[in-house]
Each structure stands twice: as structure tokens, then as C-alpha cells.
Amino acid sequence: MGTLKLNTTSGGSLSIQAADGASDNTLTLPAVTGGNIVTTADSGTITQGMIGSNVVGKGPAFHAYPSATTSASHSVWTKVPINTERFDTNSNFDTSTYRFTPTVAGYYSVTGMVSFGENIASVEAGLSVNGSIAYGGTANWSNNVNSMTTALIYFNGSTDYVELYAIQWSGVTKTIQNSASTVRFEAHLVRAA
Amino acid sequence: MTLYEKIKTIYSDLTDNDFRTVITLQNDSDGNGDYIKEWNHPTLAKPTQEQLDAIE
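Residues numbered from 1 in each chain as written. Chains lettered and ligands numbered in written order. Predicted model: local features only at pLDDT ≥ 70, side-chain atom pairs only at ≥ 80, totals over all residues. Heavy atoms only, no water.

So, the packing of aromatic side chains
Residue and element names in this part refer to chain A. Note the threshold: Aromatic rings from Phe, Tyr and Trp, taking only the six-membered ring of Trp, are treated as a pair when their centres fall within 6.5 Å; an angle between ring planes under 30 degrees marks them as stacked, one over 60 as edge-to-face, and anything in between as tilted. Each helix is a run of H or I in the DSSP string that is no shorter than four residues. Each strand is a run of E no shorter than two, and both are numbered from the N terminus. Using a 1.4 Å probe on the protein chains alone, a residue whose accessible area is under 20% of its type maximum counts as buried, one over 50% counts as exposed, and one in between counts as partly exposed.
Taken as a whole, this structure holds 10 aromatic pairs over all chains when the rule is applied. Residues phenylalanine 93 and phenylalanine 185 carry aromatic rings whose centres are separated by 6.0 Å and whose planes lie at 80 degrees to one another, so their mutual orientation is edge-to-face. You can see phenylalanine 93 sitting in strand 5 (residues 93-94) and its partner phenylalanine 185 sitting in strand 13 (residues 184-192), a full 92 residues away along the chain. Of the two residues, phenylalanine 93 and phenylalanine 185, neither departs from the other in class, the shared state being buried.

Here we look at helix 1 (residues 3-10) of chain B
All names here are of chain B. The line we're drawing: Read the arc as the range of directions from the helix axis to the C-beta atoms. Contacts are assigned to residue pairs with any non-hydrogen atoms lying within 4.5 Å of each other.
If you check which residues of helix 1 are buried, you get Leu3, Tyr4, Lys6 and Ile7. Down the axis of helix 1, the buried side of the element spans an arc of 160 degrees, and every buried residue falls inside it. On its buried face, helix 1 is in contact with helix 2 (16-21), strand 1 (23-27), strand 2 (35-39) and helix 3 (49-53).

A word on the nonpolar core
Residue and element names in this part refer to chain A. Stated precisely, the cut-off is as follows: Take the buried Ala, Val, Leu, Ile, Met, Phe, Trp, Tyr and Cys residues and link them wherever side-chain atoms come within 4.5 Å; each set so joined is a nonpolar core.
Core analysis: the biggest nonpolar cluster contains 27 residues, and Val80, Val110, Leu127, Ile153, Val162, Leu164 and Phe185 have the highest contact counts within it. Looking at this core, the elements with two or more residues in it are strand 1 (61-65), strand 7 (106-120), strand 8 (123-129), strand 10 (144-155), strand 11 (162-168) and strand 13. Looking at this core element by element, the count peaks at five residues for strand 7. Contact partners of valine 162, with chain neighbours within four places excluded, come to Tyr98, Arg99, Phe100, Val110, Leu127, Ser128, Val129, Ile153, Phe155 and Phe185.

A look at a nonpolar patch on the surface
Selection rule: Patches draw on residues past 30% relative accessible area with no salt bridge. Two like charges within 9 Å are joined, as are two nonpolar side chains (Val, Leu, Ile, Met, Phe, Trp, Tyr) within 5 Å. For accessible areas, the Shrake-Rupley method is used with a probe of radius 1.4 Å. Any residue's cover is judged against the shown protein chains and nothing else. The rule for a salt bridge is simple: a side-chain nitrogen of Lys or Arg has to be within 4 Å of a carboxyl oxygen of Asp or Glu.
The grouping of Tyr107, Leu152, Tyr154 and Val190 of chain A at the surface amounts to a nonpolar patch, some 390 Å² of accessible area in total. Within the secondary structure layout, valine 190 of chain A lies in strand 13.

Overview of the sheet that holds strand 4 (residues 84-88) of chain A
Residue and element names in this part refer to chain A. Defined as follows: Paired strands are those between which DSSP finds at least two bridges. Here an angle of 0 to 180 degrees is reported between the N-to-C directions of two axes, which are lines fitted to C-alpha atoms, with helices fitted over the stretch in contact.
In space, the five strands of this open sheet follow the order 4-1-13-7-10, with antiparallel pairing throughout. This sheet does not close on itself; its edge strands, each paired only once, are strand 4 and strand 10. Recorded for the sheet is a direction-independent mean angle of 15 degrees between the axes of neighbouring strands. Pairing geometry for strand 1 and strand 4, over four bridges, is antiparallel. Across the sheet, the residue bridging to phenylalanine 62 is aspartate 88, located in strand 4.

Focus on the interface of chain B and chain A
For clarity, the cut-off: Here a polar contact means two N or O atoms within 3.5 Å. Within protein one must be a hydrogen donor candidate and the other an acceptor candidate, and residues neighboring in sequence count only if both atoms are side-chain atoms.
With 13 residues of chain B at the interface, the matching set in chain A holds 16 residues. For the pair chain B and chain A, the number of links is zero salt bridges. Remark: the boundary between chain B and chain A carries 10 residue pairs in polar contact (both at pLDDT 80 or more). Looking at the side of chain B that touches chain A, the elements with two or more residues in it are helix 2 and strand 1 of chain B. The element contributing the most residues to the side of chain B that touches chain A is strand 1 of chain B, with four residues.

Comments concerning the pattern of salt bridges
Where charged atoms of side chains with opposite charge meet at close range, the side chains can pair. Residue and element names in this part refer to chain A. Within this structure, the stated rule accounts for four salt bridges over all chains. Salt-bridge contacts for glutamate 163 lead to lysine 79; the nearest nitrogen and oxygen are separated by 2.7 Å. With glutamate 163 in strand 11 and lysine 79 in strand 3 (residues 77-79), the pair connects residues that are 84 residues apart, well separated along the chain. In this structure glutamate 163 comes out as buried when scored by relative accessible area, which is 2%. In this structure lysine 79 comes out as buried when scored by relative accessible area, which is 6%. With its nearest N and O atoms 3.3 Å apart, the salt bridge here joins glutamate 118 to lysine 174. Note that glutamate 118 is positioned in strand 7 and lysine 174 in strand 12 (residues 174-176), a separation of 56 residues in sequence. Exposure remark for glutamate 118: the relative accessible area of 33% places this residue in the partly exposed category. Of the residues examined, lysine 174 reaches a relative accessible area of 18% and is grouped as buried.

Structure, rendered in C-alpha cells:
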């Protein structure tokens, strides 16, 4: 095996060409501090230091909204039937159960917004994590129309899930709208586990 | 009559604040309608299904 050494401290580049007809080419660099050599065929670990500026990951992300309106009784947390996807990059949102179950573990930014389309006493959106309302949304006790909720939530990548609910206190049954701009549910991976 | 209205018929003293704090009603949009998700009222017992069904 031949050995090459850059005999300069001011930088430079080194170009190595494969031998004619060679089927296996190996380059070994001195392990001063340890680490990996990444090639286009490498499937090993990418470290933070190897990620350049303006490069983002490709974790799961979805955005969806309901195609139909829904009735919500006074003082009842009602699941918003989110069944239409704008995008769902990892097929983790279920349009039949209206549930996001990411299959990549990590910390997700989750946002939900609901609208009743009219001024009523109070409305509130809520994120239900694994079956329990965990994160309430904006609400006041005078007239309002919309409510938004957002949270940074850890998901285990297998069983953890989140759903969007809404509640209203008008005294009577009201209607959750299906406007894609004001009734929506979305999440994306911010940091891996 | 909604579930909320039935409960209020049984316990007329309940307030909206009770339904925001110790009583949770929920509807999972699965066709099964409203139900009592949590009942943690300190003095009033959770209504039975028979009590609720008796109110029309």
C-alpha cells in the first residue's frame, strides 16, 4: 500500500485516481482525532459537524384539514375530523382516525387551529396526546371565533399519537367549520430523539 | 337532549366551571356520540347510564 502525505500547513487539495481496472479502492487517512470518512456510498452515522449550513433533515411532516363541518355540543371536547392532507411526508397521519402517529422518535412541533365561524361565548382548541387533552389553546371568556394551540411534544416513534379536539361554551350545539385556512392540524420533527 | 343537558337535569347545581375543571365530556367523532370522559366531582356521583337514559 502506498502512503501520501501533504507536506504543507497552508492548505491545498489532494486528488487520488483509482488504478485502471481496480474494483476496490481504499483511502486511509491518519486518525488524529478519530471519526468517519463519508463517501457517497456510506450509510453510517452523519455527525452534526458534517452538516453544512442551510441543510435540514427529512423528518416526518404533515398538514391536513377537514373536508366537512362537524357538530360540537356545548361543553364537549369534540375530535376534529381532519381527513384531507395537503402533505404527509412519512404517511404518519391517519385520515380515518384523524390521528398523527409519527414512526420516527423525537420532538415534534404540533399546531392545531379550529374555527366555529361565528362569535360565540368561548371556544378552545386542544391537543390530545395518547387519549388525554394535554395542551389547551388560546381562549377567552368573551366572544371569539377561533382558537389555536401549539406545543413541542416528544413521541416515542411507535405508539405515541396526537389528535386535535375543540370545545365551545355557547349554551347550544355549534358547528366546527371546514375552512382549510382556519381549521388545520400540522406537525413536523424538530429534533430527533 | 344533549349529554350536557341530561347531566344538568340530574344535577342542576353544576356550573360550567365544573365542566371545565372536574368533569370532562368528550366526543371522538366515531359515531358513538358524547360521553363522560372524566368525572372527578368531589361530592356528586357520576350519573349512571340508567339515569341518563331515563331522561328524554
